Amino acid sequence: MNGPRSRKTGRTVKTGLLLVTFGFVVALVAFALSGFDQLGAIAAEQEVAADAAAASPYGPAPKLTAADYPSIAGINSRVAVWIFAQLHLWFAAFVLAVPIFVFIIEAIGMRTRDKRYDDMAYEFIKVSITAYSLTAVLGGALLFSLILFYPHLFTYLSTIFKESMIYYALLFFAESAALYIYYYGWHWLQGGFKKWVHLTLGLVLNAVGTTLMLLANSWLTFMMSPAGVDAAGVFSGDAWAAIHNFLWNPINIHRFVANIAYGGSIVGAYAAFKFLTATTKQERAHYDWMGYNANFIAICALLPLPFAGYYLAAEIYAYSQQMGITLMGGIFAWLFIIQAVLIGTLFLSANYYLWCGMGRSDGAKRYTKYIKYIAIVLVGAFLVWFTPHTLVLTNEELKALGGPYHKYLGPLGIMPAKNTAVNVMIIFTALSFMFYRRANKIATVSWVNAGNAIQVALYTAGIANILFLGIYHGYFTNTVYKVAASIPQVLTTLIVIVGSITLDSFIYRGGKQVGPLHWGRIPGRAQYALFLLAVSFTWLMGLMGYIRSGIRQHWHVVDIMRDASPDAFTPTLGYAANVVSVAAIIFMAMVIFVFWIAQVSGNKTLPAGYWKE
Amino acid sequence: MRQFLSVIVFSLLTIGFFAGYSNFGIPQIEPAPPPKEEKLDLGSMTMDQFIAVGEKLFSGKGTCTLCHNNLGRAPLLDTIGEVAQQRLKDPRYKGEATNIEEYLIESLVKPSAFVVAGFGKKGTNDAESPMPDVSGGSIRLDEAEITAVVAYLQDSSGAEVTVEIPKDLGKKKEGGEEADVAEAEPREAISDPEKLIAMFTCDACHMINGVGGEIGPDLSKIGALRNRDYLRRSILDPNADIAEGFEPDQMPEGMGEQLYVSELEVLVSFLAGLK
């Protein structure tokens, strides 16, 4: 368990995980691209739907009054549905993500024939198995609360999505069957052909799980960007048009990537807790290794996540300028300052864990001198992201400042500055990771100096380009072109990351190890970085769930079905944060239960003299 | 157990920090309640008042100023009366209007009939407008409201106001359907100008009778310097006229969204009386 890992295995694992994760993302992006720029096509679909509606047997969306919303035992309907939906989503994200990287880790174990990967994959899936039951229970609670508190909305949605809801239920049985055979058959389906059968089951499990997510996503995106209905909400009968609505794929991509990052962070928290409570050196080494891999998975998915989020926001804007402006420049604008704090926390804690982890290698001291500079850049980029554009001030403050914008900090509040900051943050996180990879290695190729020079040039040119694009488009062009820098900035970041990883793999091909990696040689405080990552991720998902739903404002289904309930108003950010916090604490309590159950299942008591001999 | 409790306390502190920051670290903005339609007595309304209604709809319920502003999201409409005539003759024009009034109505309900170069939806080569049909969706202006907006556009761009004031706004909708019950509860209008000034914190930036800020122009004797039309315009469209020595974009827009027509007139009368 604590034995030295071969260099080849280590490289295979990291490269494998990276490539497969990247592959998944690319595949999903490619899938989405098939409907990427099909505004015209969707508009055409909507026209066809409108024609069909004339002869439709379906009625228009109901026009509700406050009396149409049942009041039950003084429960706040919106908060009840909100909390159940959020809890369900957190667990669903976790149980959908874990099988994805369990499948990848199992495949790597099969490829490298290193049993530790198989054992780790099994431990991951064991953690998610109880969470799976809770996901179903919470899904049921969400369904009941919707039927009870918002009967007309549920009736309207189920009229449109009745077929997909039945498929969803059937797929849920298939998901359960695949998961239970996959988990309980783990030790039975070992070796040769049986292992291939097991891996295939993992693939089926993921395919069914992802399809479930896509179906559920279509219902909620229909509420944001309805399709397949006319202006009065009369359904044309074309279920695919309703499913394939404008924001479906952007949400699919964003959730898929975010789920992986989230799943990694939760498993990382599990490993961190097991590390802190470990009683033997071997246990500490094992859970250190598990925590490292979980954090690696989280970072791999965290890096493309801002891009997926940006794409989603851009598509929301493309769907409806009004909705886009409400999202980024209206009442929700301050939420993105809170989001900046959360994402800054995620990046800093993930980096901090990597820096602490460098202590596992005796060769790390060659790189530790650079860490303080990376930390300074990360904090600087975080502060830029954190800077608001327009300040809401008291009269006295307004007078003292001379206007709603700060003279020097105001320019840092605009989107190009924030895009620049996040790209810089991502690039420096990649740099942290590169130092970590290099820490225990010595290059032996003859062109190592030239290779290092190219690496420096690549990073320097990339950062310079990102800064130039941000400054030029942000401050020397008019408003329409301000966000034009975002795509080339993202491409620059991707080129730097992929280029430097590729180049490094050549530089260190056939290189020497400084010495064995000392798994378990990491301070306890580093484990708290993993907890911070998991808690921040949980809270951030809750916050962004609020805004995704909140931008519908006083509409159940945007422009189609108005929310006439007493809770139709948009709550303040503080109120939303309180609901999210309460839900996060409930979720934490449930997760602790899940971890405890996973641990209890391995305990055995042999009561002397209890059973007949 | 000690480790367990440490982790719990750490996690609760983290959540507490995020919640605390969201409650106390950023301003708590109370979002506006869902929009409600007002009942207006059009029968006794003059054209000037009708134009004022249009102006209010333009920057309020119509959400036109979200994009038609000086940030370049959509074309400015300050000369629309003049350019509309040219657009009718433009080969790219796909509509059916024959005069300015029809063109303006058409551009509100079928925005893609003519798309100003450079303002089309991305990827459509200016064939499709990103602007929604204002008679549908979440804006849902009714026929009379659209007419009021057109009156305002004609007036503000210097064109002749050709529309007529309809008589049925807010009473019955087309086809005899009753107005939405949920949308028919306007708040009580305020008739005291000082209450309005306090409510909208005008004195944070403007000096009024020797009290207030200096970020905006001193209004203590504004009635002697400006007429009522100027004052009304300055409230509804703060960047329309910038007083010498002051910067544009300082005064918040959207007053028209928040003020009733009667309140606007109360404010205008009050300011006009400051001499």
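Values in this document were obtained by computation on a predicted structure and should not be read as measured data.

K.L.:
How should I be thinking about the overall build of chain B in this particular structure?
P.N.:
When its secondary structure is counted, chain B shows 10 helices and 2 strands. Scanning chain B from its N terminus toward the C terminus, one meets helices and strands in the order α-α-α-α-α-α-β-β-α-α-α-α. Looking at chain B as a whole, 29% of its 275 residues qualify as buried.

K.L.:
How should the overall build of chain A be read in this particular structure?
P.N.:
The helix and strand inventory of chain A stands at 19 helices and 4 strands. The buried share among the 613 residues of chain A stands at 46%.

K.L.:
What is the right way to read the environment of Tyr270(A) from this model?
P.N.:
If you trace the backbone, Tyr270(A) turns up in helix α8 (residues 248-276). Once the C-alpha coordinates of Tyr270(A) and His518(A) are considered, the two residues, 248 residues apart in sequence, prove to be 21 Å apart.

K.L.:
Help me understand the nonpolar core in this model?
P.N.:
Most often, soluble globular proteins keep nonpolar side chains buried together rather than apart. Residue and element names in this part refer to chain A. Counting residues in each nonpolar core, the largest one holds 180 residues, and the members touching the most others are Phe 94, Ala 261 and Met 425. Here the element with the most residues in this core is helix α3 (residues 77-112); it accounts for 23 residues. Excluding its chain neighbours within four sequence positions, the residues that come into contact with Met 425 are Phe 347, Leu 378, Ala 381 and Phe 382.

K.L.:
Just checking my understanding: could you explain the packing of α8(A) against helix α18 (residues 524-550) of chain A for this structure?
P.N.:
A pair of packed helices is characterised by two quantities: the angle between their axes and the separation of those axes. Residues and elements named next belong to chain A. In the contact formed by α8 and α18, the axes pass within 8 Å of each other and the chain directions differ by 145 degrees. Note that α8 runs across α18; the crossing there is left-handed. Of α18, the residues touching α8 (which contributes Ala 261, Tyr 262, Ser 265, Ile 266, Gly 268, Ala 269, Ala 272, Phe 275 and Leu 276) are Gly 524, Gln 527, Leu 530, Phe 531, Leu 533, Ala 534, Phe 537 and Met 541. Broken down by class, the residue content of the contact of α8 with α18 amounts to 13 nonpolar, 4 polar and no charged.

K.L.:
Honestly, helix α6 (residues 192-224) of chain A in this entry has me stumped. Any pointers?
P.N.:
Two residues of an α-helix separated by three or four positions point the same way, owing to the 3.6 residues in each turn. Taking 1.5 Å as the rise per residue, α6(A) with 33 residues should run 48 Å; its terminal C-alpha atoms sit 48 Å apart, in good agreement. Turning to α6(A), the residues buried within the fold contact α3, α5 (151-184), α7 (239-243), α8 and β3 (555-557) of chain A.

K.L.:
What is the right way to read the confidence of the model for chain A from this model?
P.N.:
Detailed reading of the predicted coordinates is not advisable wherever pLDDT falls low. Residue and element names in this part refer to chain A. The predicted model of chain A has a mean per-residue pLDDT of 85, with 86% of residues at 70 or higher. Mean pLDDT per element in chain A: helix α1 (residues 7-33) is the minimum at 44, and α6 is the maximum at 95. In the model, residues 1-43 has pLDDT below 50 throughout and makes 47 contacts with residues more than four positions away in sequence or in other chains.

K.L.:
Even after reading the chapter, I still don't get unusual backbone geometry, so can you show me in this structure?
P.N.:
Residues and elements named next belong to chain A. Phi at Arg 113 takes a positive value of approximately 55 degrees, unusual for a residue other than glycine. With respect to the helices and strands, Arg 113 occurs in the loop between α3 and α4 (115-149). Arg 113 sits in the exposed class, given 9 other C-beta atoms within 10 Å. Of note in the backbone geometry, Asp 559 takes a positive phi value of approximately 70 degrees without being a glycine. Mapping Asp 559 onto the fold places it in the loop between β3 and β4 (561-562). Here Asp 559 falls in the buried class, since 22 other C-beta atoms lie within 10 Å of it.

K.L.:
It is not clear to me how the packing of helix α2 (residues 47-59) of chain B against helix α5 (residues 143-156) of chain B should be interpreted in this structure. Could you clarify?
P.N.:
All names here are of chain B. For the pair α2 and α5, the least separation of the axes is 7 Å and the interaxial angle reads 100 degrees. When the axes of α2 and α5 are compared, the pair comes out roughly perpendicular. Facing Phe 50, Ile 51, Val 53, Gly 54, Glu 55, Leu 57 and Phe 58 of α2, the residues of α5 in contact are Glu 145, Ala 148, Val 149, Ala 151, Tyr 152 and Asp 155. The residue inventory of the contact of α2 with α5, partitioned by class, reads 9 nonpolar, 1 polar and 3 charged.

K.L.:
I tried to follow the confidence of the model for chain B on my own but got confused; where do I start?
P.N.:
Residues and elements named next belong to chain B. For chain B, per-residue confidence averages 79 on the pLDDT scale, and 84% of positions sit at 70 or higher. Throughout residues 169-185 the model reports pLDDT below 50, and contacts reaching past four residues in sequence, or to other chains, amount to 25 contacts. Complex prediction metrics read pTM 0.73 and ipTM 0.81.

K.L.:
Explain the domain arrangement of chain B here, please?
P.N.:
Often the size quoted for an interface is simply the accessible area lost on bringing the parts together. All names here are of chain B. Segmenting chain B into domains produces domain 1 (43-168) and domain 2 (193-272). The gap between the C-alpha centroids of domain 1 and domain 2 is 26 Å. In this assembly, 9 residues from domain 1 lie in contact with 9 residues from domain 2. Residues that form the side of domain 1 that touches domain 2 fall into these classes: 2 nonpolar, 5 polar and 2 charged.

K.L.:
I would appreciate a short explanation of α2(B) in the present structure.
P.N.:
Residues and elements named next belong to chain B. Here α2 contains 13 residues, and its C-alpha end-to-end distance of 19 Å stays within 8% of the 18 Å for a straight helix at 1.5 Å per residue. Counted residue by residue, α2 has 10 buried out of 13 residues, so it is predominantly covered. Every buried residue of α2 is accounted for by Phe 50, Ile 51, Ala 52, Val 53, Gly 54, Glu 55, Lys 56, Leu 57, Phe 58 and Ser 59. Buried positions along α2 lie against α5, α8 (228-236), α9 (255-258) and α10 (261-272).

Conventions adopted
Residues numbered from 1 in each chain as written. Chains lettered and ligands numbered in written order. Predicted model: local features only at pLDDT ≥ 70, side-chain atom pairs only at ≥ 80, totals over all residues. Helix = DSSP H or I, 4+ residues; strand = E, 2+ residues; numbered from the N terminus. Buried ≥ 20, exposed ≤ 12 C-beta atoms within 10 Å, placed from the backbone. Core = buried A, V, L, I, M, F, W, Y, C linked by C-beta atoms within 7 Å. Contact = placed C-beta atoms within 7 Å. Axes fitted to C-alpha atoms, helices over the stretch in contact; angles between N-to-C directions. Left-handed = near helix turned anticlockwise from the far one by under 90°. Nonpolar A, V, L, I, M, F, W, Y, C, P; charged D, E, K, R; others polar. Expected span 1.5 Å × (residues − 1). pLDDT = per-residue confidence, 0-100. Parallel < 35°, antiparallel > 145°, perpendicular 65-115°, else oblique. Domains from an automatic or database assignment.

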